[in-house]
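Next come the chains, spelled out residue by residue.
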Amino acid sequence: MLRRSITAIAVTSVLLLAACIVNESGAPQEGATSEALLQDGEWKIENIGGQGVVDGSDATLLFGSDGQLSGNASCNRLFASYTVQGDKLTISSPGGLTMMACPPALMDQERTLVGLLGTVATYRIDESGALILGSSSGKQIIARR
């Protein structure tokens, strides 16, 4: 009887954990690792250091499972490497950034984003599914899918 109960509990636990990593709203569910969620698609940046993004800008981040970060820095494409240890995230200064000229507002936003990316120290995905990158200065980058 005890063995059957333990087996039933084990099977139920496995099924619950395997059910789904993310629900339809993009919010994380039990059993999902934060690193897997971080790497599961492109993030559209909504806020940089407490400031909303310029209307119509396409600032994005894509964390590859190979430790490579790519995205749109607002005007130019960016490329960098990153490492994750628990909730700690380190992003190298962009290893590459294209050199297109854009309107001043986009260039200013890009400079702010690139500067802040180099100071990112932590990350988390909150209950709403938002990616929150925290810098050593306390400023944040917030993005969503």
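Whatever comes next refers back to the structure up there.
Residues numbered from 1 in each chain as written. Predicted model: local features only at pLDDT ≥ 70, side-chain atom pairs only at ≥ 80, totals over all residues. Heavy atoms only, no water.

Participant: Break down the pairing of strand β8 (residues 120–125) for me, citing the residues and quoting the values.
Facilitator: Judged from the five bridges that link them, β8 and strand β9 (residues 131–135) form a sheet pairing that is antiparallel. Looking at β9, one finds that Thr122 is bridged to Gly134. The hairpin formed by β8 and β9 contains five residues between the paired strands, and Gly129 there has a positive phi angle of roughly 95 degrees. (Pairing = 2+ DSSP bridges. Helix = DSSP H or I, 4+ residues; strand = E, 2+ residues; numbered from the N terminus.)

Participant: I'd love a proper account of the packing of aromatic side chains, names of residues and values included.
Facilitator: This model, assessed by the stated rule, comprises one aromatic pair. On the basis of an interplanar angle of 90 degrees and a centroid distance of 5.1 Å, the ring pair of Phe63 and Tyr82 is categorised as edge-to-face. Note that Phe63 is positioned in strand β3 (residues 60–63) and Tyr82 in strand β5 (residues 77–85), a separation of 19 residues in sequence. The exposure classification of Phe63 matches that of Tyr82, with both residues buried. A cation over a ring is seen here: Arg145 above Trp43, with NZ or CZ 3.7 Å from the ring centre. (Phe/Tyr/Trp six-rings, centres within 6.5 Å; stacked < 30°, edge-to-face > 60°. Buried < 20%, exposed > 50% of the residue type's maximum accessible area, 1.4 Å probe, protein only. Lys NZ or Arg CZ within 6 Å of the ring centre and 35° of its normal.)

Participant: Can you lay out unusual backbone geometry for me, pointing to particular residues and giving the numbers?
Facilitator: For Ser74, which is not glycine, the phi torsion reads 120 degrees and is therefore positive. Within the secondary structure layout, Ser74 lies in the loop between β4 (68–72) and β5.

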